[in-house]
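# Examination of the molecular architecture
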Amino acid sequence: MPDRPGPGFRPGAGPPSRRARVLLLTAAVLTALIAAFVVFAGVWTDWLWFRSLGYSSVFGTRLWTKAALFAVFGLVMAVVVGFNLWLAYRLRPPLSAMSVEQQSLDRYRMGVAPHKRWLLPAISLVVGLIAGASAAGQWRTWLQWTNQTPFGEKDPQFHLDVAFYAFSLPWYEFLLGFAFSTVIVSLLAAVLVHYLYGGLRLQGPGRRASAGAKGHLAVLLGVFVLLKAVAYWLDRYALAVKSGAYKGVDGWTGLRYVDANAYLPAKTILFFVAIICALLFFLTPIRRTWAPALIGFGLMALSAVLIGGLYPAIVQQFQVKPNEQAKETPYIQKNIDATRQAYGIADNQTKQYEPKGSTGADALGPDAQTIADVRLLDPNVVAPTFQQNQALRKYYAFPKTLDVDRYGQQDTVLGVRELDLNGVQQRNWINDHFKYTHGYGVVAAKGNQVDKDGNPVYTESALPTTGSFGDYQQRVYYGEKSPEYSIVGGSNDEIDYTSDSGPDPTYRYTGGSGVSLDNPLARAAYAVKFAEPQILYSGAITDGARVIYDRTPKERVEKVAPWLSIDADPYPVVVGKKLLWVLDGYTTSDGYPFSSRTTLGDVTKDSLTDQRGRTLTAVNKVNYIRNSVKATVDAYTGEVTLYQWDDADPVLKTWMKAFPGTVKARSDIPSALLPHLRYPQDMFKVQRDMLGMYHMTDATAFFNGTDIWQVPADPTTNTGEVQPPYYLTVRMPDQQSASFSLTSSFVPGGRDNLAAFMAVDADPGPDYGKIRILKVPTGAGALGPKLTQARFNSDQAVANKLTLLKTGSDSDIEYGNLLTLPVGGDFLNIEPVYLVGRSAKVPVLQKVLAVYGNGTSNVALENSLAEALAKVLGSAAGGTPATPTAPTSPTTPGTTPTAPPSNGTGANPELDKALQDAQKAFSDGQDALKNGDWTRYGQDQKALQDALNAAAAAQQGRAGATSAPATPAPAPPASTPTPSTSPTASP
């Protein structure tokens, strides 16, 4: 139809003057240039940052991948939509009888007519830009699809490798969604053009659609229905990763009975129905009638309702519900097996552990190291003490939660003395970004000791720090509290730290990190990036100056490895004369078939989350996770190093293909760093959350929900959040010796007694990551954390002591971490008690709470751990602890034992030697008690037992030789004695 003449649009005023046009044009050009430079500054400074770290390949791969996806998919969308617009215009009908409807459209046709030449490419460009921007966001999906690595595991329903669901299916679903969008936009655009130019009419005589419009729209509808057929086919496989709530699991994933026996065949049938319907649409231009296609489309919609909706509902109602357990059990088992495999909990070792309630000293010997290494210093409480004692300057600060590591088999609490600009008295741009630039050193204290005043026993302290760490680079330019950016190097003299006597030491940075500001263009770009024009012209920036930014360890690792989720708690390690931040990186997926999904941000949240931080993918749902990468960030140079930790993880292998050369082999981890690597907390919290349900490996028990566990609330806080896991040195019953572990406890759903105790080996070695669970029988009476705290609070003697302690010191009481430990066949609970001055707000350890077993008669509140342990363990052994006496020589029953003679018997050399060994073991044990050395005390107790047994055997042998009746030697006292002199430092 030719464009009809019409009234058109008349301008309301004359054209603007030439001067106004020039000004408007100049303003537009300047605005465009400024906008372009802002975009350029963002991209260029990013590239400079990545280049400075040696990870420019990461920047390039991601940039070019996003650019390619933007260009390809944007071009496809623009071309397809533009072609359909052009085709609809070309298929417009010739001039026909005018109607009221066509007359009303005339003004719009005349308004479009002068702009037809550029309107088509403009519309195509807009939809292309939108589509390209959407496609660019799929760069992760594209890289995973093109670099995918097989899992070597197949799903139990379709028998396809897990890689199909994790890497291929998401890409196919994106392509399908993009194709649907393209067809729908093209269809709407074609309908609009056909209507505008008379190809479609709602009023007037004759046909409602021209032949051209009918054929064009029929083909587009046919393509749409054909895509629907593809969607039905992909939906079959998507059932394996479909999530929903079931049996108390919010993210239950995988097929159930109704899916496998109703939805799956329904999707297959609907696939073929859609193929037939699409063919009918394609035949419409030939047959010149809509009837078959419309009938087919109606039948497809009806089939979708009946076959895809009603039939599954009937199957669920009349087949599944009457016998749900029998029908669902095979699918529940598939879910259990897949979930345990995907979360790395399939090989956990679960044992029955029935608390004995009381135990002898012989049973405590193997747990001597566990007892000796009980961590009194709560890293979540003592940060203000570190701040008060060791910050030493107002502009230094420690984190709210300190870290736990081990040095020489000693559990150690550490904190980095970082820069805190809030403590700088004179705040200005020069001071904030040129003078105060770095923190200084690490402060460390023994985890299991305090001094006589209740303060930490520091192994590294002062400013600069001195102690057990030796010589290392103490300046902290990259840390968890570092400022946004600092300008270092050149002739800039930074404040190293203020001196109490003499001039303040200054320092010039030589670490080589950051981006050079020698280039004026770079200075301009960073002036835009940080919205600080002084960067462009300040004379404080001299030759050789560099800007350092993105300084927190988590932020740096996230940027160089954007495919990782980072643990919320980086921790410091002093090794090889360097201070390094160690971070754990997780590879995740939400495409593991039959594995239930969880939300990282929810399951990693506990009572310390606001102090520790949150994971990167806090709101993302995942159903597969591996701690695949260990990363380090040098606190001085900012260097980021990624190490492959899980060399069997297919997700990591896929990303290593996508970003070659960015992850080093596990064998490249420095030998000095390896002992400081540990099992990560967020990974552990995800696993313990899943084990609350998935410790049940039997589908019948899972269906009935007879043994559901939950993580207990932290009884030392009033937030209601769950108890965090704790790093402890602990020996599980099947282990020969104690090891550095990450521990947690479980309670039954809705109750507060102890259901299980969980520990994972946190030390790198053959058992690293091995999960051990002690399952407590129902009715055993073991105390969960809440009941333990209640037992402490309800004990009258303890309550009176705490009241006196609080009222007599003008202080508040703060409870430290409540630690649960399997010791001697039962559970030992330890809780430090701190006094916090109402003015100073500095926690000082004053007392130690302890309870062993169910705590009916052996709750202790003592000045030191040694005293508390002696009381509760002595009581548990069946007697009241008493001051120990020297070991006795064997006697006949009923006689009073006497101390062994110092000069021996003379008649029995074997007996003499045994008694001398017993005397030595007793003396050594007393020394160990005085020093609070429970490890040595346990060894000496065993030596004492062996010596007494040898003495008894020697005496029996002599009696047999003289034909005298043998008299058995009595066993040594079972109770664990208290030290005669209370140690001033806890073990």
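Scroll up a little and you will see the structure.
Procedures and definitions
Residues numbered from 1 in each chain as written. Predicted model: local features only at pLDDT ≥ 70, side-chain atom pairs only at ≥ 80, totals over all residues. Heavy atoms only, no water. Helix = DSSP H or I, 4+ residues; strand = E, 2+ residues; numbered from the N terminus. Buried < 20%, exposed > 50% of the residue type's maximum accessible area, 1.4 Å probe, protein only. Contact = heavy atoms within 4.5 Å. Areas by Shrake-Rupley, 256 points an atom, 1.4 Å probe, with all protein chains shown as cover. Pairing = 2+ DSSP bridges. Polar contact = N/O pair within 3.5 Å; in protein donor to acceptor, adjacent residues only side chain to side chain. Phe/Tyr/Trp six-rings, centres within 6.5 Å; stacked < 30°, edge-to-face > 60°. Lys NZ or Arg CZ within 6 Å of the ring centre and 35° of its normal. Expected span 1.5 Å × (residues − 1). Bend = angle between axes of the 7 residues up to and from the residue. 1 Å grid on protein atoms, 1.4 Å probe; cavity = no way out; pocket = protein on both sides within 12 Å on 5 of 7 lines; lining within 4 Å. Points joined across faces, edges and corners; volume = space filled by probe spheres on them. Nonpolar A, V, L, I, M, F, W, Y, C, P; charged D, E, K, R; others polar. Salt bridge = Lys/Arg side-chain N within 4 Å of Asp/Glu carboxyl O. Axes fitted to C-alpha atoms, helices over the stretch in contact; angles between N-to-C directions. Parallel < 35°, antiparallel > 145°, perpendicular 65-115°, else oblique. Left-handed = near helix turned anticlockwise from the far one by under 90°.

## Quick notes on the overall build of the chain
- Helices and strands together make up the secondary structure of the chain, namely 27 helices and 34 strands.
- For the chain, the proportion of its 987 residues judged to be buried stands at 52%.
- Across the chain, contacts joining residues at least 24 apart in sequence account for 69% of those joining residues at least 6 apart.
- Put simply, the chain shows about 42,600 Å² of open surface, and 57% of that area lies on carbon and sulfur atoms.

## So, the sheet that holds strand β16 (residues 515–516)
- Strands sit in the order β13-β17-β16 across an open sheet of three strands; the sheet is antiparallel. Of all strands in the sheet, those bounded by a partner on one side alone are β13 (485–489) and β16.
- Two elements, β13 and strand β17 (residues 545–549), share five bridges in a ladder whose sense is antiparallel. Counted as the bridge partner of Tyr485 is Tyr549 from β17.

## A few points about the environment of Arg688
- Within the element layout of this structure, Arg688 appears in helix α21 (residues 681–694).
- With 22 residues separating them along the chain, Arg688 and Gln710 place their C-alpha atoms 8.7 Å apart.
- In this view, Arg688 contacts Asp606, Val711, Val722, Gln723, Pro724, Pro725, Ser744, Phe746 and Met758; residues no more than four positions away in its chain are not counted.
- Looking at Arg688, its side chain comes within polar contact range of the main-chain oxygen of Gln723, at 2.9 Å.

## Structural notes on the packing of aromatic side chains
- Summed over the entire model, instances satisfying the criterion amount to 55 aromatic pairs.
- Between Phe73 and Phe174, the ring centres sit 5.3 Å apart and the planes meet at 65 degrees, which makes this aromatic pair edge-to-face. Here Phe174 lies in helix α6 (residues 162–196) and Phe73 lies in helix α2 (residues 56–90), a separation of 101 residues in the sequence. Each member of the pair, Phe73 together with Phe174, is buried.
- Between Phe281 and Phe297, the ring centres sit 6.2 Å apart and the planes meet at 75 degrees, which makes this aromatic pair edge-to-face. You can see Phe281 sitting in helix α8 (residues 257–287) and its partner Phe297 sitting in helix α9 (residues 291–320), a full 16 residues away along the chain.
- Residue classification places Phe281 among the buried residues on the basis of a relative accessible area of 2%.
- Above the face of the Trp49 ring, Lys559 is positioned so that its terminal group lies 4.2 Å from the ring centre.
- Between Arg678 and the ring centre of Tyr571, over which it is positioned, the NZ or CZ distance is 3.8 Å.

## Observations concerning the sheet that holds strand β9 (residues 442–450)
- The five strands are arranged β5-β6-β9-β10-β11 in an open sheet whose pairing can be described as antiparallel. Two strands lie at the open edges of the sheet, namely β5 (403–407) and β11 (466–467), each paired on one side alone.
- Strand direction decides the pairing type here: β9 and strand β10 (residues 456–461), joined by three bridges, are antiparallel. Paired with Ala444 across the bridge in β10 is Glu460.

## Notes on the environment of Lys394
- Within the secondary structure layout, Lys394 lies in the loop between α13 (383–390) and β4 (396–397).
- In this structure Lys394 comes out as exposed when scored by relative accessible area, which is 62%.
- Put simply, Lys394 and Asn422 are 28 residues apart on the chain and 8.4 Å apart in space, counted from C-alpha to C-alpha.
- When residues no more than four places from it in sequence are discounted, the contact partners of Lys394 are Asp420, Gly423 and Gln425.

## Observations regarding unusual backbone geometry
- With an omega of -10 degrees, the peptide bond between Leu463 and Pro464 qualifies as cis.
- If you check the backbone angles, Leu392 has positive phi at about 70 degrees while not being a glycine.
- Considering the arrangement of structural elements, one finds Leu392 in the loop between α13 and β4.
- You will see that Ala531, though not glycine, has its phi angle at about 55 degrees, which is positive.
- On the secondary structure map, Ala531 appears in the loop between α15 (520–529) and α16 (534–537).
- Given a relative accessible area of 64%, Ala531 falls into the exposed group.

## A closer look at α9
- Across its 30 residues, α9 extends 40 Å between first and last C-alpha, which sits within 8% of the 44 Å expected from 1.5 Å per residue.
- Of all the bends in α9, the largest measures some 30 degrees and sits at Leu310, one to four residues before the proline Pro312.
- Where α9 is concerned, the buried positions are Ala293, Gly296, Met300, Ser303, Pro312, Val315, Gln316 and Val320.
- Close packing links the buried residues of α9 with α7 (211–238), α8 and α10 (324–342).

## Section: empty space enclosed by the protein
- Under the defined criterion, the tally for this structure stands at five cavities of 30 Å³ or more.
- Approximately 140 Å³ is the volume attributed to the largest cavity.
- Taken together, 17 residues line the largest cavity, and the ones lying closest to its centre are Pro379, Asn380, Gln681, Pro725 and Tyr727.
- Elements with a contribution of two residues or more to the lining of the largest cavity: β5 and β26 (726–730).
- Grouping the amino acids of the lining of the largest cavity by side-chain chemistry returns eight nonpolar, four polar and five charged.

## Observations concerning the pattern of salt bridges
- One pass over the structure, following the stated rule, counts 24 salt bridges.
- The closest approach of N and O atoms between Asp453 and Lys452, which form a salt bridge, is 3.7 Å.
- Its relative accessible area of 67% is what places Lys452 among the exposed residues.
- Here Glu862 ties to Lys871 by a salt bridge, and the two come within 3.9 Å at their closest N and O atoms.
- Note on Lys871: relative accessible area 30%, which makes it partly exposed.
- When salt bridges with common partners are traced through the structure, they connect Asp734, Asp761, Asp767 and Arg772 into a single cluster.

## Points about the packing of α7 against α8
- Closest axis-to-axis distance for the α7/α8 pair is 8 Å, and the angle between their directions is 165 degrees. Comparing the axis directions of α7 and α8 gives the class roughly antiparallel. Our pair here, α7 against α8, has a crossing hand that is left-handed.

## Let's talk about the packing of helix α1 (residues 18–53) against α15
- Between α1 and α15, the least distance of the axes is 9 Å, while the angle of their chain directions is 110 degrees. Classified by the interaxial angle, the pair formed by α1 and α15 is roughly perpendicular. The segment α1 lies against α15, with Phe37, Val38, Phe40, Ala41, Trp44, Thr45, Asp46 and Leu48 engaging Leu521, Ala522, Ala524, Ala525, Tyr526, Val528 and Lys529.
- Considering only residue class, the contact of α1 with α15 consists of 12 nonpolar, one polar and two charged.

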